[in-house]
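Letter by letter, the chains look like this.
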4 protein chains.
Amino acid sequence: MNHPPTHAKVLEGDAAFPRVARRAGQRTIPVSFGGVLIGGRGFAVIAGPCSVEGPEQIHTAASEVARRGADVLRGGAFKPRTSPYSFQGLGLEGLAMMREAADAHGLPLVTEVLTPERVEAMAPQVDAFQVGARNMHNTALLHALGATERPILLKRGFGSTLTEWLLAAEHIASAGNERIVLCERGIRAFGTETRFTLDLAGALWAQDQSHLPVIVDPSHAIGQPSLIPRAAAAVLAAGLDGLMVEVHPSPEEALSDGAQALTLDRFEAMMRDLKTLDARRPLIAWGERSEEGGRG
Amino acid sequence: MNHPPTHAKVLEGDAAFPRVARRAGQRTIPVSFGGVLIGGRGFAVIAGPCSVEGPEQIHTAASEVARRGADVLRGGAFKPRTSPYSFQGLGLEGLAMMREAADAHGLPLVTEVLTPERVEAMAPQVDAFQVGARNMHNTALLHALGATERPILLKRGFGSTLTEWLLAAEHIASAGNERIVLCERGIRAFGTETRFTLDLAGALWAQDQSHLPVIVDPSHAIGQPSLIPRAAAAVLAAGLDGLMVEVHPSPEEALSDGAQALTLDRFEAMMRDLKTLDARRPLIAWGERSEEGGRG
Amino acid sequence: MNHPPTHAKVLEGDAAFPRVARRAGQRTIPVSFGGVLIGGRGFAVIAGPCSVEGPEQIHTAASEVARRGADVLRGGAFKPRTSPYSFQGLGLEGLAMMREAADAHGLPLVTEVLTPERVEAMAPQVDAFQVGARNMHNTALLHALGATERPILLKRGFGSTLTEWLLAAEHIASAGNERIVLCERGIRAFGTETRFTLDLAGALWAQDQSHLPVIVDPSHAIGQPSLIPRAAAAVLAAGLDGLMVEVHPSPEEALSDGAQALTLDRFEAMMRDLKTLDARRPLIAWGERSEEGGRG
Amino acid sequence: MNHPPTHAKVLEGDAAFPRVARRAGQRTIPVSFGGVLIGGRGFAVIAGPCSVEGPEQIHTAASEVARRGADVLRGGAFKPRTSPYSFQGLGLEGLAMMREAADAHGLPLVTEVLTPERVEAMAPQVDAFQVGARNMHNTALLHALGATERPILLKRGFGSTLTEWLLAAEHIASAGNERIVLCERGIRAFGTETRFTLDLAGALWAQDQSHLPVIVDPSHAIGQPSLIPRAAAAVLAAGLDGLMVEVHPSPEEALSDGAQALTLDRFEAMMRDLKTLDARRPLIAWGERSEEGGRG
C-alpha cells in the first residue's frame, strides 16, 4: 500500500475524537462508495454537475465523466440555498434521474442530504450521502447518518476548525457509522480573488490525525475553472485520497454554480494529468524515512 | 518549456500592475538567483536554517542541504522580530559567514533585508534579497530594492490580499527592478491547528496574473515538519516554480523557529520525492487543452 | 421613538431579502418576546445561564437576574455541542424547569431549538425560539420556525456573512414568520485573545439594511467577563436594540461555558451602567442630521 | 478620574511587553498630543481629511472641525499607498500647510511618518507621529520613533494580533519613548459588507493589558459614513480614550478615501451625540464593583 505515512502526535485513549483518531502506526481505513474504494491504493475522482437539472443533462454528464475516467458521480437533488428564492433542486425525482444515469454508466453516486427525515427515503437510491458545509454542525443530521448503512462524505464547514470537523465525524461515528470520508472544500479567509481559501495543509493535518480518508473539493474552494487542474494535481501529489470536482457539459447553462464548473475538455485534460502523476504515486514516500519512523 | 498554461483574464494596458502582469500568451519570465534559474524548466529548492547562528552551524547547513540537492541557500542575518527581546540575528557578520558557507558549497544565497539603508552594504554579499512578510507594505524598502541589480524574493504579507502582493511587486518594478520572484508563505485565517493557512490556490492565481515566478514557503505557512514533505510535493505538481524550506541540522538547538525546521533526514526524503515527481513534470499539461487554448 | 436613523441605500422591490429589508424611511418593527418589546424605545436585556442544570440553579438564576433588571430569561435545554461527549442539556425536562423559574419571577424566556420536529412540542413552553450560530444555515429548521406563532432570535453564524444572515432571516420570513430579532454573537477571525471577534459594525450594518431589531451577545463573542460590561455599554450607546449575556450564580460550577459567564456582582454593576447610559438615549440622534435626511 | 477599571490578569516582571503592560491597580498613563491629554478624564477626538490636498482644503478642514469640537487635527502628507500609481501625498510641503492650518485654529496635529530618516525633519512640525497599519511591523521605523521626543499614535496592523500590537508598542518603548497611544483601525476578516472588521473588544482587551491609552478609528475600519456616528458613540461609552475620524469638507472631491469621510454635517451631529453621552461618563463604572476589585 502506498498511503502517506503519519507522523502526527498519536491520539490514544483520551483523544477528543477517539473513534476517528488515527492510532500509532495505523493506516487509513478505506471506505467503499458502491464498490469504489476511497483511502486505499488508488486516487478517487468524484465528478458531476452541481445540480441535477433534468434527465438529459445528468445522463450526458454521467456518460461524459465516466468516459474520461471519473470513479463516482456527484450531483445535487436537494440543494441547500443561501437565498429562499434560488433553485432548490429537483428533489426525489431528481435523485431518481441521477440513479438511472449513474447505473447506465456504471458509476456509484453520492448526493447531499439536508434533513434527518429524508435519510431513509434516499438511502436505497444513493451509494453515499454527502453532508454539505452548511450542515457540518447539524448534529441531528449527523446522528441520523450514524444510523444508516451508507457511507458518508463529510464536508468541512467553511467557518469550522479542523478539530470541529473531526468532532463532526466523531458525532457520526459515535452514532454507529464509521464509514466516513472527509472532504475539505475551502474556508473563509479575508481574500476575494478566489471564492474560498483552499486549506490544503488542513487536509494534510486531518489525514495525520484521523484514519478516515481525506479528499478535496477544489471547485467550491477556488471557484475558477482555470486554477482547478493544477490544484487537482497538487491534491494527488500530496498523498490525499481523492478529489471532488464540478463538471458540466454546458457550464454557461447551469442552473447553479456554472461559473466554477469544469468543461468536459478541461476535465479531460485534468484527468490525463492525474493519470500521468498517479503512475509515480507508488514511488513517493511523502517524507517517510523521517525521525518518527514510517508506517508499519 | 513546461510551465503551466495561463488561462487568466489577460491584463493589458490599464492593468492595476502593468509591469508585472502577464500578457496574453506570455510565458513566465525566469529570474536567476546567482545562476539558478527560477521560473524556467526546473523546480528550484531554496533551503537552509531560519537564522545564521554561527560559522559552524551555517557551514554544516550549507553542506548538508547542498549534498541533498538544494539549489539555493537561505538563512537570516537580520531578523524581523515581533518582540524586541528576541534574537535579532548576527547582522553583517552573520551575512559574511553565510557568504563563505554558500561559496564553499557552490550555492547562491538569499537573505532578508530589513531597511533601505542596508541594501547597498549587503548587495555585494547576496545573490538575492528577500522581503519578508512583515515588510511587504514597506514601500521605502520596496523602492530601494527597485534600484539594485540584485533579484528580489518577495514574500506575501500574512494579512495581505493577492492583489496587494502583486502591487508590492509593481512598486519594486516601477522603481526599476523587474527580477522578482513571488513567495506565498501562509496567511492568517481562523484556524490554529497549522501555524498559518497555506494559500496554494492563491499562489496559482498569482501565477496566472503575473509573469513573475511563484514559489511557496510551507515551513512558515504550516509550522509542522511532518506535513511539509507532502505540501512540497503538492507545490511541485501544481506547476509552481519552487519551494523555500527551513532545514536545520539540529532543530532542537535552533535559536529561532526550530519547531518548524525539517531535520536533514526528512529533508532528504522530501528531496527524493520531489525528484520522483519532477521526472513527470514534462508530461503534465496542467489542463492545457482547455477551451482558452494552451500556451504559445 | 428614539431609534437610530437609517442612512442605508434603500433596498426596494428587487432586494435580495425583500421581506426583511428596511424600506426608505421605515422604522424598525419591534418584536415582542412574551410582552417585552425588542426594537422599540427601550433597550432589552436577555440574561441567564448557558445551560439549565437543575431546578435550583435555574430558579436562582431567574430570581437574581430579574432582581437586577433583566427583561428576558435565557438558558439552554437542548445544547448544540461540538463534541458528542459533552453535556447535551436536560431536554424537555430542563425546559419545564426553566418555564417554571421564568414564571415564578415574571420573565419571558428564550431558548434554543435544534431540530424542526421539536418546534411543536417546545412552542407552548417558550416565549421565543433561538436559532444558534451553528444552525443559521439549517434551512429545514428555519422553515419550521417560519410556521410557528413564536418570535425567533436568530444568531449569526460565526463563519457567515452579514448578507447570509439576512438571507437566513428571509428564509424564516418567507415561510410565514416575520417576528425575528437578529443577534450578532462574534465571528471567526485570526485572533485568539478574545474567543471570537465581536462585529459591532456588522450589527450596525444589519440595522441599516433591515427593519428587524438587532441585539448583540458579547458573552460568546468575547469570552472574557471582564470585558463584557464595557462592550454592553457600547452596544447600548450605538443604538442597537438589546443585549444577551450569560450570567451564572456560580460560574466556576457551570456545566458549560462557565468561564465566560458574568457573576451576579458584575452583572449588577453592568446593569447600573446601562441604566445610567439609557437615561441619555432619548437625547442621542446617532448622526441624524446627516445629508441623507433623518428618520420619519 | 473616570477611566474604566482593569480586571485583566496582571502582567508583571516576565510580561511579554513589560514596559507597556498595565500593572496591578495601575491606571492608564495619559499621553499629551500638543497639550491635549489622551487617556485622562476626557474623550479625545482627532479629526481631519485623509490627505492634505492644498492650503485651502486643509485650512477649511481645520477650521470646520475645530469649530465643531475636534481636539486634534489629522491629515496625511506622506501617504502609504498600495499602488505605486496612486496619489502619494504632498510631502514636507503638505506638512507645512497642515502646520499652518493647525496653528491658525489652535489644534495640535498628528500625521503619518513612513520612514525612519524623515523623523528628524518632520519632528519640529508635528505634535505626534502616526505609525500606519502597514508599518506596524516596520521595526526600523518603530526604533527611530523610540528616539524622538514626540508622542506616537500606533495603529494596529490589519493582519496583526493584539499581542503583536502591544509588542510593536514595546519596540518603541524599549527604544526610549513610552508616550504611545494605541489606535484600533479594523482588521481583515471574511466579510465584505464593511471595509474592515472593527475589533472593539480587541481595543478593550488592549486597554486591560496595557497602561497606554487606546483609541479607535472607525473610518478606516468601517468605510461607510452612515455607520460611523453610531460606532463613535459605542467607543465613548465603552470607556475607550478617544476617536480618530476622517472628515472632509467635500468628500466627493477628495483625492483619497473620500467615500469613507464624514461630511461636516454628519461630523457635527456626531459631536453633539458624543457630548450628550460624555456628560454621563463620570457616572459609569464599567462593571467596577466586580469580584476582582475596582481601580485604586
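J.: Talk me through the relation of the copies chain A and chain B; I want residue IDs and the actual numbers.
T.: Aligned on chain B, chain A shows an RMSD of 0.0 Å; the corresponding rotation is 180 degrees and the shift along the axis is 0.0 Å. Taken together, the rotation and translation describe the operation of a two-fold axis. Measuring from the rotation axis to each C-alpha of chain A, the shortest distance belongs to A:A234, at 1.9 Å. The overlap is high: 100% of the interface residues of chain A also sit at the interface in chain B, so the same surface is used on both sides.

J.: Provide a residue-level description of the sheet that holds strand β5 (residues 109-112) of chain B, including the pertinent values.
T.: All names here are of chain B. If you trace the eight strands once around the closed barrel, you get β3-β4-β5-β6-β7-β8-β9-β10, paired in parallel fashion. Each strand axis lies, on average, 25 degrees off the axis of its neighbour in the sheet, ignoring direction. Bridge count between strand β8 (residues 180-184) and strand β9 (residues 214-216): three bridges; the pairing is parallel. The residue bridging E184 from the neighbouring strand is V216, located in β9.

J.: Lay out the packing of aromatic side chains in plain terms, naming residues and giving numbers.
T.: Enumeration according to the criterion identifies four aromatic pairs over all chains in this entry. Across from the ring centre of A:F196, 4.3 Å away, lies the NZ or CZ of A:R185, which sits over that ring. Stacked on the ring of D:F158, the Lys or Arg D:R188 has its end atom at 4.3 Å from the ring centre.

J.: Residue-level account of the pattern of salt bridges, with values.
T.: The full count for this structure, using the stated rule, is 60 salt bridges over all chains. B:D208 is paired through a salt bridge with A:R230; the nearest N and O atoms lie 2.8 Å apart. Highlighted residues: B:D208 in helix α6 (residues 200-209) and A:R230 in helix α8 (residues 228-237), drawn from two different chains. By relative accessible area, which is 3% here, B:D208 ends up buried. For B:R74, the salt bridge identified is with B:E246, shortest N-O distance 3.8 Å. Placement of the pair is B:R74 in strand β4 (residues 72-74) and B:E246 in strand β10 (residues 242-246), with a sequence separation of 172 residues. Across this residue pair, the class does not change: B:R74 and B:E246 are buried. Within the structure, one salt-bridge network assembled from shared partners comprises A:E64, A:R67, A:R68, A:E268 and A:R272.

J.: Tell me about the sheet that holds strand β10 (residues 242-246) of chain A, residues and numbers included.
T.: Residue and element names in this part refer to chain A. One closed barrel accounts for eight strands, arranged β3-β4-β5-β6-β7-β8-β9-β10; its pairing is parallel. Neighbour-to-neighbour, the strand axes of this sheet turn through a mean angle of 25 degrees, independent of strand direction. Relative to strand β5 (residues 109-112), strand β4 (residues 72-74) runs parallel, the two being bridged by two bridges. Bridging across to β5, L73 finds its partner in L109.

J.: Describe in detail the interface of chain A and chain B, supporting the description with residues and values.
T.: Facing 57 residues of chain A, the contacting portion of chain B comprises 57 residues. Approximately 4,600 Å² of surface area, both sides summed, lies buried where chain A meets chain B, with 63% of it carried by carbon and sulfur atoms. For chain A, the biggest contributors to the area lost against chain B are A:F190, A:E193 and A:R230; these three give 17% of the whole. Our count for the chain A to chain B interface comes out at two salt bridges. Where chain A touches chain B, the interface holds 14 residue pairs in polar contact (both at pLDDT 80 or more). A total of eight residues in the side of chain A that touches chain B trace back to one element, the largest contributor, which is helix α9 (residues 264-278) of chain A. Looking at the side of chain A that touches chain B residue by residue, the classes come out as 28 nonpolar, 14 polar and 15 charged.

Cut-offs applied
Residues numbered from 1 in each chain as written. Chains lettered and ligands numbered in written order. Predicted model: local features only at pLDDT ≥ 70, side-chain atom pairs only at ≥ 80, totals over all residues. Heavy atoms only, no water. Least-squares fit on C-alpha atoms with pLDDT ≥ 70 in both. Contact = heavy atoms within 4.5 Å. Pairing = 2+ DSSP bridges. Helix = DSSP H or I, 4+ residues; strand = E, 2+ residues; numbered from the N terminus. Axes fitted to C-alpha atoms, helices over the stretch in contact; angles between N-to-C directions. Phe/Tyr/Trp six-rings, centres within 6.5 Å; stacked < 30°, edge-to-face > 60°. Lys NZ or Arg CZ within 6 Å of the ring centre and 35° of its normal. Salt bridge = Lys/Arg side-chain N within 4 Å of Asp/Glu carboxyl O. Buried < 20%, exposed > 50% of the residue type's maximum accessible area, 1.4 Å probe, protein only. Buried area = accessible area lost by both parts, 1.4 Å probe. Polar contact = N/O pair within 3.5 Å; in protein donor to acceptor, adjacent residues only side chain to side chain. Nonpolar A, V, L, I, M, F, W, Y, C, P; charged D, E, K, R; others polar.

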